[in-house]
Amino acid sequence: MSLKIGIVGLPNVGKSTLFNALTKSKSAEAANYPFCTIDPNVGIVEVPDERMKKLADIVHPEQIVPAVIEFVDIAGLVKGASEGEGLGNQFLSHVRECDAILQVVRVFEDNDVIHVHGEVNPQKDREIIEAELIFADMQTLDKRLKKAETEAKSGDKEKIAYVDLLKKVEVYLHEGNLVINMDLTDEERDKIKELFFLTAKPLLYIANVHENDMADINIDDLRRKLDIRKTSMLIPISARVEEELGGFSEEEAKQYLESLGMDETGLNKLIKASYSLLNLITYFTAGPKEVRAWTIHKGDKAPRAAGVIHTDFEKGFIRAEVIKWEDLVSSGGEVQSREKGLMRLEGKDYTVQDGDVMHFRFNN
């Protein structure tokens, strides 16, 4: 499953530093002036999953293939982007191509790092970014609504209902709200999917804090600073710390994290949160050739999960052999799992669980 997440924020909030840390590279220029990132930088990041190593220790595969996420470092925008200011429409088009948005908001104070608006104000910065996304959606909506109103003159009930739905969305956007937070039925959300609203994309906030503050982070305080909902996903990160960790050995990194009062890197938390944000889970295939992680949506049935490997697997699905990853590891292998009755045969109605180890049987 292809997964693309866009990193957005005002200029100089730490987006490119975060991207470099994620990809363990220097591919994104991190300079102290606006628009140092003009073309989006793209990096493929492995999803950390300790279960894979434990499985590999049992089956001894030739290779381990983790799940990956594609992160896109999108150029910083300024107030008026929806009207063409800064990089304008170029920025918005890059956002539209992503499955979800990571909005980086600067919380740290540093006189050596210029703020595009002259002061560090996390709430104001967040509101500027979201206002530009909202304005862009309003422009999209306005065009579609005019066409829908013309079509509804035929008297068709479905077309009239569609106009009513668009007007409801219009009011919500005009009030400064994001479509993702709108109370809509699944059917209503399906109907507006064609419009590809930017504010309908899942959103994760990254609070870029000073490295000296990492040990005393208070999430509730950060939420108040950003003025976001309690239900909004928020991850505090020091982009500078994360970039420094990339140059450390495993033992050095562990000691550094402990000195900051952290049990794991902010990047690991970010990647895991991205999975949760998009309602994704992982299942595994494990054999002598490889241990591989496969990404699917939570609630997917076995045939659809098989289709992630190959469409023929889904079309010709017969059944799936399923073992919980913990059972395979604790038993010492697939043969032992079978002997202990820990392997199950599941049909088309089986809902795949996170961490399942699966083998599929199918007709060619």
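Below you will find a few notes about this structure. (Residues numbered from 1 in each chain as written. Predicted model: local features only at pLDDT ≥ 70, side-chain atom pairs only at ≥ 80, totals over all residues. Heavy atoms only, no water.)

## Regarding the overall build of the protein chain
Point 1. Along the protein chain, the regular secondary structure elements total 14 helices and 12 strands.
Point 2. The buried share of the protein chain, reckoned over its 364 residues, is 49%.
Point 3. When contacts within the protein chain are restricted to residue pairs at least 6 apart in sequence, those whose partners lie at least 24 apart make up 67%.
Point 4. For the protein chain, the computed accessible surface area is about 18,600 Å², with 47% contributed by carbon and sulfur atoms. (Helix = DSSP H or I, 4+ residues; strand = E, 2+ residues; numbered from the N terminus. Buried < 20%, exposed > 50% of the residue type's maximum accessible area, 1.4 Å probe, protein only. Contact = heavy atoms within 4.5 Å. Areas by Shrake-Rupley, 256 points an atom, 1.4 Å probe, with all protein chains shown as cover.)

## Quick notes on a negative patch on the surface
Point 1. A cluster of acidic residues, Glu250, Glu251, Glu252 and Glu258, forms a negative patch on the protein surface.
Point 2. In this structure, Glu251 sits in helix H9 (residues 250-259).
Point 3. The exposure class assigned to Glu251 is partly exposed, which follows from its relative accessible area of 48%. (Patch = residues over 30% accessible without salt bridge, like charges linked within 9 Å, V, L, I, M, F, W, Y side chains within 5 Å. Salt bridge = Lys/Arg side-chain N within 4 Å of Asp/Glu carboxyl O. Lys, Arg positive; Asp, Glu negative; His and termini not counted. Charge placed at Lys NZ, Arg CZ, Asp CG, Glu CD.)

## Thoughts on helix H11 (residues 302-309)
What sets the pattern is the α-helix's 3.6 residues per turn: residues three or four places apart point alike.
Point 1. All of the buried residues along H11 are Ala302, Pro303, Ala305, Ala306 and Gly307.
Point 2. For H11, the elements touching its buried residues are strand E8 (280-286), strand E9 (290-297), helix H12 (311-315), strand E10 (317-324) and strand E12 (356-362).

## Considerations on the packing of aromatic side chains
Point 1. Under the counting rule described, the total for this entry stands at 4 aromatic pairs.
Point 2. Here the aromatic residues Tyr283, Phe317 and Phe360 are joined through ring pairs into a cluster of three or more. (Phe/Tyr/Trp six-rings, centres within 6.5 Å; stacked < 30°, edge-to-face > 60°.)

## Digging into empty space enclosed by the protein
Point 1. A full pass over the atoms with the stated rule returns 1 cavity of 30 Å³ or more.
Point 2. By volume, the largest cavity amounts to about 40 Å³.
Point 3. Lining the largest cavity, in full, are Ile101, Leu133, Leu178, Ile180, Leu198, Thr199, Lys201 and Leu203.
Point 4. Considering only residue class, the lining of the largest cavity consists of 6 nonpolar, 1 polar and 1 charged. (1 Å grid on protein atoms, 1.4 Å probe; cavity = no way out; pocket = protein on both sides within 12 Å on 5 of 7 lines; lining within 4 Å. Points joined across faces, edges and corners; volume = space filled by probe spheres on them. Nonpolar A, V, L, I, M, F, W, Y, C, P; charged D, E, K, R; others polar.)

## Some words on unusual backbone geometry
Point 1. Even without being glycine, His60 reaches a positive phi, approximately 50°.
Point 2. In this fold, His60 is placed in the loop between helix H2 (50-59) and strand E3 (63-65).
Point 3. Phi is positive for Phe196, which is not a glycine, with a value near 50°.
Point 4. Tracing the backbone shows Phe196 in the loop between helix H6 (186-192) and strand E6 (203-208).

## Observations concerning the layout of surface pockets
Point 1. Here the largest pocket defines a volume of roughly 1,100 Å³.
Point 2. For the largest pocket, the lining is made up of 34 residues, of which Lys24, Pro48, Glu250, Thr265 and Asn268 are closest to its centre.
Point 3. Elements with a contribution of two residues or more to the lining of the largest pocket: helix H1 (15-23), strand E2 (41-46), H2, helix H8 (239-245), H9 and helix H10 (266-277).
Point 4. Here the element with the most residues in the lining of the largest pocket is H9; it accounts for 5 residues.
Point 5. A breakdown of the residues in the lining of the largest pocket according to their chemical character gives 16 nonpolar, 5 polar and 13 charged.
Point 6. Roughly 730 Å³ of internal volume is contained in the second largest pocket.
Point 7. Every residue lining the second largest pocket is counted, 19 residues in all, and those nearest its centre are Asp99, Lys193, Ala200, Lys201 and Pro202.
Point 8. Here the element with the most residues in the lining of the second largest pocket is H6; it accounts for 4 residues.
Point 9. Taken together, the residues that form the lining of the second largest pocket break down as 10 nonpolar, 2 polar and 7 charged.

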